[in-house]
Amino acid sequence: MSLLYPLALAALAPLSATIVVLYLLKLRRQRVLVSSVFLWQRAVDDLQANAPFQKLRRNLLLLLQLLALALLVLGLAAPYTLVTRSGGRSSVLVLDASASMQATDVAGSRFEQARRGAMQFVGNARRGDETALVVCGARAAVALPFTTDKRRLQAALKAARPSDCGTNMKDGILLALSLAGKRPGARVYVLSDGAFGQLPAVPASAAVQFVRVGTRSDNVAIVGLETVRSKVHGTHQVFIRIQSFSSEAKPALLSIYHEKDLIEAREITLQPGASVAETYDASLPRPGLIRAELEVRDDLSVDNVAYTFSASDAQTRILLVTPGNLFLEQALLVQPEVEVFKATGLTSSEATAAYEQYDVVVFDRVAPPVGRPSGAMMYVDVDPPAVLGTAGAAAEQPAVTDWDKTHPALEHVNLGAVQIASAKPLSPAAGARVLAHSGEQGIVLGLESPELRALAFGWDFMNSDLPLRIGFPVLLRNALQWLAEGRGGVRRLQVRPGTVLRLSPPADARRATVTYPDGSHRTVAVTEGAVTLADVDRVGEYSMAAGGREWRWVADLRDPAESNLRPADRLRLGDAKIAQASSSPQTEQHLWPLLALVALCILLGEWHLYHRRP
Amino acid sequence: MNDSTHQPAYLLEPAFLRRLEQAALASRRALAGRGKGERRSPRRGTSVEFSDFRAYAPGDDLRYLDWNAFARLRRLFLKLFVEEEDLQVHILVDTSGSMDFGNPHKLQWARQAAAALGYLGLCGGDRVRLYGYADQQFRASRVFRGRGTAVEAFEWLLRLEAGGETRLRAGVDYLARSLTGPGIIFLLSDLLTPDWEPALGRLAVTGGEACVLQLMAPEEFSPGGSGDIEMVDAETGETREVTMGASVVRRYVKERDAFLASVRNGCRRYGFPYLFQETSTPVPDAILRSLRRVGVVQ
């Protein structure tokens, strides 16, 4: 039993003192004149024989009054016990469905235990209690809004599955609080192991209870996997970082695969809490997928595997044709998985070879040779080929008035604030379109056709403040990605589980077929030239085929916060509010009505006793 | 309570007075009186009723010599006749604070009873003296004789006021000392005092015949009420804290009965006629019926 307002107990002393003083003063008796107390004296003296009992009875009355007072004061202190039952009218259950909840340190798994607790909570709910369910993996989602229907709640709980993702508990808490905010007195129960980062500050009035699952941290995880290609030797080096979150030494077998072939297997022993780095020099016969797997007896298996594509395989080869542009060169060099080649000019024959050899060719202030381009091209401050459009006379200080924010090349880039000294207006050819306007004129053109993807910028980057802006590398990355996608071939991606993937199949593709790690297939529609995949929440290899092109991506956990299975003792909400861990969703059962009832009974008894006195 | 509110314009109803005239006080034995009265006296006297003979002694009244006996026996005998004398009636009224109580009022009831007894005496040609006592005050009236003094006697009674502590023993003592001869002593009191017993003992040795008339107001006889009260003694101001309730009343009734029984036994021991009356009993009933039953009135 705990007290909500323990300070109220301080009132007991002065109040009891008051009762005792009043009792000592006694009530003033009514004075009655009698002829003589002669006979009364003897009758009352007879009573004196019972005096000890009388005294006791008087004391009993005082004791009963003090007892009733003590009960009432205790009631004011709001005592409560914790019961596994919905206490308020409304409750929001936030069920952690992250990777760490798959840990098997408790019967079934942590997720199963949390789900059992939630089931019990729902089962014990009283008539009229409403409950909402928020399932929180990489994204938080309302699985079921407020309902009083126990069967729907139980069905929603049964349908919930743990994912291989990290925990976005911040969103989960905010979502739950926004749900709870609509119901006064609603409570939020976070059923989790506490394996997540900083949580947002919540209003002090918010009732958040942390229901902890999990008992120990006995886990080993691959937290890092990279391949580097030696440019000198052409060999690959594989770096693997393995961390132990266990309190005991763990023997493990590390296996490295290239596609399906085992290329290395090592016995390693991990000391408690140790982090070890393993390197492996491999001469790979061809580019491909590197998979590191750890065979170890631990509580969580989803973090025992990691993937990466061999370094060269992911490179985008870029030919930059320029008289010299420091900004552009540097911005391209910092792009990941990009290999930059430079030229000052190209002849027609060189250009034809280059179109085949490089993924993207960038013409910066160097006019492209005559001839039909193919592949992926980017033109900066040059007359674009006829297939793309034509340039007009230069205009002074044009302002970018509008641009296509949804185009993959211009996503997340603010062109509106860019200052340009002078630019040539661009008119699009048939099939091309204006991606950015300066007034009525085009200033950026884009073309997407089966043979060619091209972008044309109407101004010299050096003549504007664009290279100094934060959007410049973003613009280049978007542009290169979009252009390189046009080249076809297998696109390779490495993502975290729970990432929302947005892939752009060729323009004529209407459907795409996605293959999942478990081998299942799903056909998705291509809408507005893109496929959006929100179900990449398992660790493993995925692929998608659309319009004759293929995408291949891998998802692995590599999240030390998830792999560290040590259950948290408390939930820190912002800086101030802390929710202590409890083992099941409990609510405070207030005891004051019971105390008030007992006090009333005692007072009634006292009253009865008082009036039975002789 | 002010006893003036209990004083009627006249003390006794005329009808009651007329009924009293047909009754008389009965003395169980002959008592020596003072003047000539209507009662037999132990003394030999001059009435027509012969009593005895005795031998002549020099100095005797020659008028009472039995000359017929002398002629026959040649000896001198003196004829003795029964003396018919009046009776002294002493009526002692308790005027202590405890008498100023009750409904009907105890003192008023005692006044009326004293008046009725006195009237009985006056009608019988007896000498009647009235006494009131309380505390240190002891008041005595003059001796009334003859029916004509009844009004004066009644007025004297009406002047009695209640107040002070009961000192029964002292009152009886004072009465005994002021007695000039034996007579009937009526004691009208509630006897609510611890010294009632010595007082009765003193009464027994006055040489007269005593009759005890004990009164109690109905409220005293059967008290009621409930709750916490503080009783204040009307005489002494003494207080007693009592929580009234059925059991306390039960205990009181037990005490009361024991008290009344001990008074009755005391009177029986001394040979006093004893009568207990609640003041709710009308005075005529008490005098003409109850006192007649104990043989005081005939």
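Residues numbered from 1 in each chain as written. Chains lettered and ligands numbered in written order. Predicted model: local features only at pLDDT ≥ 70, side-chain atom pairs only at ≥ 80, totals over all residues. Heavy atoms only, no water.

## Looking at the sheet that holds strand 10 (residues 274-278) of chain B
Residue and element names in this part refer to chain B. Reading across the sheet, the six strands line up as 5-4-3-6-7-10 and stay open at both edges, with mixed pairing between neighbours. The open sheet terminates on both sides in strands that have one partner only, identified here as strand 5 (137-145) and strand 10. In this sheet, adjacent strand axes meet at a mean angle of 15° when their direction is disregarded. For strand 3 (residues 88-94) and strand 6 (residues 184-189), the ladder comprises five bridges, and the chain directions are parallel. Residue pairing in the sheet places L92 in a bridge with L187 of strand 6. Sheet strands touched by helix 8 (residues 246-270): strand 7 (209-216) and strand 10. Its angle to strand 7, the strand with the most contacts, is close to 170°. (Pairing = 2+ DSSP bridges. Helix = DSSP H or I, 4+ residues; strand = E, 2+ residues; numbered from the N terminus. Axes fitted to C-alpha atoms, helices over the stretch in contact; angles between N-to-C directions. Contact = heavy atoms within 4.5 Å.)

## Examining the sheet that holds strand 9 (residues 239-244) of chain B
The three strands are arranged 2(A)-8(B)-9(B) in an open sheet whose pairing can be described as mixed. The open sheet has two edge strands with one neighbour each: strand 2 (30-34) of chain A together with strand 9 of chain B. When the angles between neighbouring strand axes are averaged without regard to direction, this sheet yields 35°. Sheet topology places strand 2 of chain A next to strand 8 (residues 227-233) of chain B; five bridges connect them, and they run parallel. By the bridge assignment for strand 8 of chain B, V34(A) is matched with D233(B).

## A short note on the pattern of salt bridges
Inspection of the entire model under this criterion finds 37 salt bridges over all chains. When the shortest N-O distance is used, the salt bridge between E259(A) and R552(A) registers 2.7 Å. A residue pair is termed long-range when its members are at least 10 positions apart, and E259(A) in the loop between strand 11 (250-258) and strand 12 (261-270) and R552(A) in strand 34 (residues 549-555) qualify at 293 residues. An identical accessibility class is assigned to E259(A) and R552(A); each is buried. As a salt-bridge pair, R256(B) and D257(B) come within 2.8 Å of each other at their nearest N and O atoms. The exposure class assigned to D257(B) is partly exposed, which follows from its relative accessible area of 37%. (Salt bridge = Lys/Arg side-chain N within 4 Å of Asp/Glu carboxyl O. Buried < 20%, exposed > 50% of the residue type's maximum accessible area, 1.4 Å probe, protein only.)

## Structural notes on the pairing of strand 16 (residues 316-321) of chain A
Residue and element names in this part refer to chain A. The element strand 16 is extensively covered by neighbouring structure, given that five of its six residues are classed as buried. Here six bridges tie strand 16 to strand 17 (residues 338-343), and the two strands are oriented parallel to one another. Within strand 17, the position partnered with T316 by the bridge is V338. Following the backbone out of strand 16, through helix 7 (residues 326-333) and into the adjacent parallel strand 17, one traces a crossover that is right-handed. (Right-handed = clockwise from strand over helix to strand, strands pointing away.)

## Some details on the side chain of R111(B)
Residue and element names in this part refer to chain B. Within the secondary structure layout, R111 lies in helix 3 (residues 106-123). Since its relative accessible area comes to 0%, R111 is described here as buried. A polar contact is formed between the side chain of R111 and the side chain of Q108, at a distance of 2.6 Å. (Polar contact = N/O pair within 3.5 Å; in protein donor to acceptor, adjacent residues only side chain to side chain.)

## As for the packing of helix 5 (residues 168-178) of chain B against helix 6 (residues 196-204) of chain B
All names here are of chain B. At a minimum axis separation of 8 Å, helix 5 and helix 6 run at an interaxial angle of 15°. Considering the angle they form, helix 5 stands roughly parallel to helix 6. In terms of crossing hand, the pair formed by helix 5 and helix 6 is left-handed. For the pair formed by helix 5 and helix 6, the contact residues are L168, R169, V172, D173, L175 and A176 on the first element and W196, P198, A199, R202 and L203 on the second. (Parallel < 35°, antiparallel > 145°, perpendicular 65-115°, else oblique. Left-handed = near helix turned anticlockwise from the far one by under 90°.)

## Quick look at the packing of aromatic side chains
All names here are of chain A. Using the criterion set out here, one finds 18 aromatic pairs over all chains in the structure. Ring plane angle 5° and centroid distance 5.6 Å describe the contact between Y542 and W553, whose orientation is recorded as stacked. Residue Y542 is found in strand 33 (residues 540-546), and its partner W553 is found in strand 34; the two are separated by eleven residues along the sequence. Considered together, Y542 and W553 belong to a single accessibility category, that of buried residues. For the cation-ring pair, R291 lies above Y257, with the distance from its terminal atom to the ring centre recorded as 4.2 Å. A cation over an aromatic ring shows up here: K405 above the ring of W403, its NZ or CZ 4.4 Å from the ring centre. (Phe/Tyr/Trp six-rings, centres within 6.5 Å; stacked < 30°, edge-to-face > 60°. Lys NZ or Arg CZ within 6 Å of the ring centre and 35° of its normal.)

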